[in-house]
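Read off the chains here:
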Amino acid sequence: LNGLIAGSIYALIASGFSLIYSVSRIIHFAHGAVLMFSAYFLYLFFRIIGINFEISVLIAILLAVGIGYLMNLIYKQFRKRNASPVIVLIASFALLTLSEALILLFFGADAKFIGFFKVTKGINVLGAMITPLQILIVLTSIILFLFLMIFMKKTKTGKAMRAVADNKDVAEVMGISAERIYAYTFVIGSLMGAIGGLLI
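Quick notes on the rules
- Residue positions are given per chain, counted from 1 along the sequence in the order it is written.
- It should be noted that, the model being predicted, local features are given only for residues of pLDDT at least 70 and side-chain atom pairs only at 80 or more, the latter also being counted only at that level, while totals for whole chains, interfaces and linings use all residues.
- To obtain the side-chain values, all non-hydrogen atoms of the structure were included, while hydrogens and water were left out.
- Segments assigned H or I by DSSP are reported as helices when at least four residues long, segments assigned E as strands when at least two residues long, and all are numbered from the N terminus.
- Contact between two residues is taken to exist if any of their heavy atoms lie within 4.5 Å; hydrogens are not considered.
- Surface patches are drawn from residues lacking salt bridges whose relative accessible area is over 30%; two like charges belong together within 9 Å, two nonpolar side chains (Val, Leu, Ile, Met, Phe, Trp, Tyr) within 5 Å.
- Only the protein chains shown count as cover for residues, and all accessible areas are computed by the Shrake-Rupley method using a 1.4 Å probe.
- Basic side-chain nitrogens of Lys or Arg form a salt bridge, by our definition, when they fall within 4 Å of a carboxyl oxygen of Asp or Glu.
- For each residue, the accessible area found with a 1.4 Å probe, counting protein chains only, is set against the maximum for its type, and the residue is called buried under 20%, exposed over 50%, and partly exposed in between.

K.L.:
Sorry if this is basic, but what is going on with the environment of alanine 33 here?
P.N.:
Structurally, the position occupied by alanine 33 is in helix α2 (residues 31-49). C-alpha separation for the pair alanine 33 and alanine 165, spaced 132 residues apart in sequence, amounts to 24 Å. Leave out the neighbours within four places in its chain, and alanine 33 touches Met71, Leu96 and Ser99.

Below is the structure:
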């Protein structure tokens, strides 16, 4: 059960990574930086500045998604120049390395703790002890997976994202702006990663 709980977080993060790759064909290693920024922004606003927890969560998610969007703007410059996939891959590594350096510069390398949820006795499920926080993690992941599935299959934007993923040139002939779809993809993928970072 503990493995499933941890796996639900990683699957949530991976879904954002997979979405970005399937649509833009970019191996976006810097996706890890988005969830890292999300977690540290929560620490900054809640623990250091002292803002209300729910508001801190919202701000952390918005800022992390904003960083994901800015990364797409960087990739856009490479797309304009028809850069090879290897160059874009190196750029992704560079963004991840830069992000890690910034976190170390401003927050240090020691472990940080949010300390919002009180430590409570776990619930016995078939001999395994599951905490309320772990239940929240699994439920959040399931809800987000369902949201992503419905969004991709039922909404106009989701269908456009699938079209670009399938064939970018044909999608553009049909009037779909690939660049706009890339922007939406990075925002939604970064949202999944940001929430995963907060759950971790």
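K.L.:
How should I be thinking about a nonpolar patch on the surface in this particular structure?
P.N.:
Taken together, Leu1, Leu4, Ile123, Val125, Leu126, Ile135, Leu139 and Ile143 make up a surface patch of nonpolar side chains, about 810 Å² in accessible area. Residue assignment for the nonpolar patch shows that the elements contributing at least two residues are β1 (123-125) and α5 (132-154). Top contributing element to the nonpolar patch by residue count: α5, with 3 residues. With respect to the element layout, leucine 4 can be found in helix α1 (residues 2-24). On the basis of relative accessibility, which here comes to 63%, the residue leucine 4 falls in the exposed class.

K.L.:
Help me out: how do you make sense of the environment of isoleucine 26 in this one?
P.N.:
Considering the arrangement of structural elements, one finds isoleucine 26 in the loop between α1 and α2. Considering only alpha carbons, one finds isoleucine 26 and valine 187, 161 residues apart in sequence, at a separation of 14 Å. When neighbours within four sequence positions are excluded, isoleucine 26 is seen to be in contact with Ile20, Tyr21, Tyr75, Arg79, Val88 and Phe186.

By themselves, these are just geometric observations and shouldn't be taken as functional.
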